[in-house]
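Summary of structural features
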Amino acid sequence: MDRMNDELPPGVGEAWKALEARADQRAARVDVERVAAGVVERLRREGARPSRFRWITPATLRAAAAVVVLVAGAAVVRMATRAHEAVRLPVGISAIDSLSSGQLEAVWEAAGEVSPVADSVAATSAGTSLDDLSEAQLEVLLASLNGAEG
Amino acid sequence: MGVPALSVADDGDLIARYLAGEESAAAELVRRHATALARFIAAHGAPDEELEDLTQETLFKAFRALGTFRGGASFRTWLLAIGGNVLKDRRRRWRRNQVVALTPDIRDPSGDPGAQAEAGWTAERLQEGIAKLARLQREVFLMRAQQGLGYDEIAGGLGISEGAARVHYHHAVKRLKAWIA
């Protein structure tokens, strides 16, 4: 896979390349065959192979089915009771880097914070990316995302 | 006439073969991923003398936990996440004896001594900065900058949302930029 050096800002990018070169050199000195032999030996000595299915028995399947029914029921009740108070984010989390300035503002508001960059964001007609946000703003955004997940 | 394509087992096949009792499949998985894992661990600031041991420890823990691997991310990403956990346990010791003195082999290709000194200094500062990042910021940064992983893959490996992975990455970059400025 390609590394993402080109998306790093000037200064960090050059330093990262130098650091990477060093990490590559150090990793190349690791003896892969010795590591493989060591891992296999430790697995042989210290532990039985894990089994994906050892725990699956009729009793555990019945218990799992009961848990699924309970959790699904609780989720339905929770959704029904929270429907009125839920704060909905205006966009999907997966598209966060492509939010427009207006959408980002809506996220700040949803997180209960007033964006300190409201004026500067409003002054630009171009879309705002995460690169433009301060650390404090990133913290607010992360908190709002965590809230949306929970 | 073309050369017939060699059949190369994917990670999933090797995992299944190991779980079925084929020990050589574990060795093959190690050969496939150990160098990338060692690079990841090295970039975290692990000292030279612990690098091979940490790589082996991470792989051993991964094989012991293989029954819990659900395929939400690739085996490589899952392995890096386990590496992050192993590193967490050693990090306190490293903080006590500030590790990885970057050696003069970090050089500017131009050969200019001034540029070499500058490259060495900024790389050292960056290494310090990476060590000071919050754990998730550091892991997301290294998974993306070093391993080239997409946010969806990183999110799957670390058990966070894709949006959170993006924010952690941008946070890390901002802090590193400020640190080496």
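Remember, predicted model here, so these are calculated numbers, not experimental data.

About the cut-offs
- Residues numbered from 1 in each chain as written.
- Chains lettered and ligands numbered in written order.
- Predicted model: local features only at pLDDT ≥ 70, side-chain atom pairs only at ≥ 80, totals over all residues.
- Helix = DSSP H or I, 4+ residues; strand = E, 2+ residues; numbered from the N terminus.
- Buried ≥ 20, exposed ≤ 12 C-beta atoms within 10 Å, placed from the backbone.
- Contact = placed C-beta atoms within 7 Å.
- Nonpolar A, V, L, I, M, F, W, Y, C, P; charged D, E, K, R; others polar.
- pLDDT = per-residue confidence, 0-100.
- Expected span 1.5 Å × (residues − 1).
- Axes fitted to C-alpha atoms, helices over the stretch in contact; angles between N-to-C directions.
- Parallel < 35°, antiparallel > 145°, perpendicular 65-115°, else oblique.
- Left-handed = near helix turned anticlockwise from the far one by under 90°.

**Considering the overall build of chain B**
From N to C terminus, chain B includes 8 helices and 0 strands. Along chain B, helices and strands appear, N-terminal first, in the series α-α-α-α-α-α-α-α. Counting only residues that meet the buried cut, chain B has 48% of its 181 residues in that class. For chain B, contacts bridging at least 24 residues in sequence account for 64% of all contacts bridging at least 6.

**Considering the overall build of chain A**
Broken down by element type, chain A carries 6 helices and 0 strands. When the elements of chain A are put in sequence order from the N terminus, they spell out α-α-α-α-α-α. In chain A, buried positions account for 22% of the 150 residues. Residue pairs at least 24 apart in sequence account for 42% of intrachain contacts in chain A once pairs closer than 6 positions are excluded.

**Details of the interface of chain A and chain B**
Taken together, the contact pairs 50 residues of chain A with 55 residues of chain B. When residues of the side of chain A that touches chain B are traced back to their parent elements, those giving at least two are α1 (12–28), α2 (32–46) and α6 (135–149) of chain A. Broken down by element, the residue count for the side of chain A that touches chain B peaks at 14 residues, all from α1(A). Looking at the side of chain A that touches chain B residue by residue, the class counts come to 27 nonpolar, 8 polar and 15 charged.

**Things to note about the confidence of the model for chain A**
Residue and element names in this part refer to chain A. With 52% of its residues at a pLDDT of at least 70, chain A reaches an overall mean of 70. Mean pLDDT across the elements of chain A ranges from a minimum in helix α5 (residues 118–123), with 43, to a maximum in α2, with 95. Ignoring residues within four places in sequence, the model shows residues 113–125, a span with pLDDT below 50, making 13 contacts including any to other chains.

**Here we look at helix α3 (residues 48–64) of chain B**
Across its 17 residues, α3(B) extends 25 Å between first and last C-alpha, which sits within 8% of the 24 Å expected from 1.5 Å per residue. Restricting attention to buried positions, one finds in α3(B) the residues B:Leu51, B:Glu52, B:Leu54, B:Thr55, B:Gln56, B:Glu57, B:Thr58, B:Leu59, B:Phe60, B:Ala62 and B:Phe63.

**Observations concerning the packing of helix α6 (residues 135–145) of chain B against helix α8 (residues 162–180) of chain B**
The relative placement of two packed helices is expressed as an angle between their axes plus a distance between the axes. All names here are of chain B. Their axes nearest at 8 Å, the elements α6 and α8 cross at an angle of 90 degrees. Considering their axes alone, α6 and α8 lie roughly perpendicular with respect to each other. Side by side, α6 and α8 meet where Leu136, Gln137, Arg138, Val140, Phe141 and Arg144 of the first sit next to Ala165, His168, Tyr169, His171 and Ala172 of the second. For the contact of α6 with α8, the per-class residue count stands at 6 nonpolar, 3 polar and 2 charged.

**Some thoughts on the packing of helix α1 (residues 11–19) of chain B against helix α2 (residues 23–43) of chain B**
Residue and element names in this part refer to chain B. Running from N to C, α1 and α2 cross one another at 145 degrees; their axes reach a closest spacing of 7 Å. Between α1 and α2 lies a crossing whose hand is left-handed. Of the residues in α2, those touching α1 at Asp11, Leu14, Arg17 and Tyr18 are Ala25, Ala26, Glu28 and Leu29. Classifying every residue of the contact of α1 with α2 gives 5 nonpolar, no polar and 3 charged.

**Regarding the confidence of the model for chain B**
Residues and elements named next belong to chain B. Here chain B averages 85 in pLDDT, and 82% of its residues register 70 or above. Across chain B, α2 holds the top mean pLDDT of 96, while helix α5 (residues 113–132) sits lowest at 80. Contacts from residues 1–5, a stretch scored under 50 in pLDDT, to residues over four places away or in other chains number 0 contacts. Under a pLDDT of 50 for its full length, residues 99–106 has, in the predicted model, 20 contacts with residues more than four places off or in other chains. Reported for the predicted complex are a pTM of 0.67 and an ipTM of 0.81.

**Things to note about the environment of B:Ile41**
Residue and element names in this part refer to chain B. Mapped onto the elements, isoleucine 41 comes out in helix α2. The sequence separation of isoleucine 41 and valine 86 amounts to 45 residues, and the corresponding C-alpha distance is 9.6 Å. For isoleucine 41, the residues in contact, after removing those within four places along its chain, are Ala46, Leu51, Leu54, Thr55, Gly83 and Leu87.

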